[in-house]
Amino acid sequence: MLDYQKDFINFALSQEVLRFGEFTLKSGRTSPYFFNAGLFNSGEALVQLGKSYAETIIRSEIEFDVLFGPAYKGIPLGSATAAMLAEHHKKPTPFAFNRKEVKAHGEGGQLVGASMQGKRVLIIDDVITAGTAIREVLPLIEEAGGVVAGVVIALNRQERGQGDRSAIQEVEQDLGIPVINIIALADVLEFASNQPELTQHVDAIKAYHQAYGV
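Definitions and cut-offs
- Residues numbered from 1 in each chain as written.
- Predicted model: local features only at pLDDT ≥ 70, side-chain atom pairs only at ≥ 80, totals over all residues.
- Heavy atoms only, no water.
- Axes fitted to C-alpha atoms, helices over the stretch in contact; angles between N-to-C directions.
- Helix = DSSP H or I, 4+ residues; strand = E, 2+ residues; numbered from the N terminus.
- Parallel < 35°, antiparallel > 145°, perpendicular 65-115°, else oblique.
- Left-handed = near helix turned anticlockwise from the far one by under 90°.
- Contact = heavy atoms within 4.5 Å.
- Nonpolar A, V, L, I, M, F, W, Y, C, P; charged D, E, K, R; others polar.
- 1 Å grid on protein atoms, 1.4 Å probe; cavity = no way out; pocket = protein on both sides within 12 Å on 5 of 7 lines; lining within 4 Å.
- Points joined across faces, edges and corners; volume = space filled by probe spheres on them.
- Buried < 20%, exposed > 50% of the residue type's maximum accessible area, 1.4 Å probe, protein only.
- UniProt positions renumbered as here; feature names shortened; annotations may be inferred.
- Polar contact = N/O pair within 3.5 Å; in protein donor to acceptor, adjacent residues only side chain to side chain.

### Points about the packing of helix 2 (residues 43-60) against helix 3 (residues 74-89)
Then step 1. Packing of helix 2 against helix 3 leaves a shortest axis separation of 7 Å and a crossing angle of 70°. In this view, helix 2 runs roughly perpendicular relative to helix 3, as classed from their interaxial angle. You can see that helix 2 and helix 3 cross each other, and the crossing is right-handed. For the pair formed by helix 2 and helix 3, the contact residues are L46, V47, L49, G50, K51, Y53, A54, E55, I57 and I58 on the first element and P76, L77, A80, T81, M84, L85, H88 and H89 on the second.
Then step 2. Its residues assigned to classes, the contact of helix 2 with helix 3 comprises 12 nonpolar, 4 polar and 2 charged.

### Quick word on the layout of surface pockets
Empty space left among the atoms is revealed by rolling a probe the size of a water molecule over them.
Then step 1. Roughly 1,100 Å³ of internal volume is contained in the largest pocket.
Then step 2. In terms of lining, the largest pocket is formed by 37 residues, of which the most central are K26, V127, I128, T129 and A130.
Then step 3. Top contributing element to the lining of the largest pocket by residue count: helix 4 (residues 132-143), with 4 residues.

### Topic: helix 4
Then step 1. For helix 4, the complete set of buried residues consists of I134, V137, L138, L140 and I141.
Then step 2. Positive phi appears at G145, one or two residues downstream of helix 4, with a value of about 90°.

### Section: the UniProt feature "binding site: orotate" (unreviewed entry) in the protein
Then step 1. Here the UniProt-annotated "binding site: orotate" (unreviewed entry) positions come out as F34, F35, T129 and R157. Over a stretch of 124 residues, the named residues converge on one spot in the fold, their C-alpha atoms separated by at most 12.9 Å. Within the annotated group, the residues that form the lining of the largest pocket are F34, F35, T129 and R157.
Then step 2. Structurally, the position occupied by T129 is in the loop between strand 6 (120-124) and helix 4.
Then step 3. Classification of T129 as exposed rests on a relative accessible area of 71%.
Then step 4. Tracing the sequence through the fold places R157 in the loop between strand 7 (147-156) and helix 5 (167-175).
Then step 5. Given a relative accessible area of 22%, R157 falls into the partly exposed group.
Then step 6. Ignoring anything within four residues of it in the chain, the contact list for R157 reads L25, S31, Y33, L185 and Y208.
Then step 7. Within the structure, R157 has its side chain in polar contact with the side chain of S31 (distance 3.3 Å).

Here is the structure:
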């Protein structure tokens, strides 16, 4: 695990975005950890998030021209990441996002921001639970003349959905696009294993992954 990933986990813990214990998920599964990116809700958090996403993107060497943030959570993520790519990596990066509702007045339309015509578009979001948001914005990007280059998320739970594949694997295989992440469950497990105050949760995480992991 790299230093920026450790920093991200430490910050997620400090913001209570990442918690350990016993949590019932929407799927009905009882998870030994919970990740709620909605609690990244301050200027400080946006700066840290933007740095982490930007570092992940640069290290992935994925080629893209425009960042796209699906409404609503992806909008501040895309904005913060574009700012950090420019400030820390000297990579001026246009960004765009969608509205949930089509605007009939003013400039109109459903898309806001940089043009995606003829561009490689990198979608940025917090997590992929079912892949619904990605599938919803894919036709919007294509209609705007863009080509989806990939998706970047904060956490890969490495957990299967209703079938044998995870939602991330479904997106990668069904849509033919790569998904990269700041951290994965394996990183969380490694981190917890090396923190005396968190080692009590390691066995439960391993058991959960054994039962539901991919």
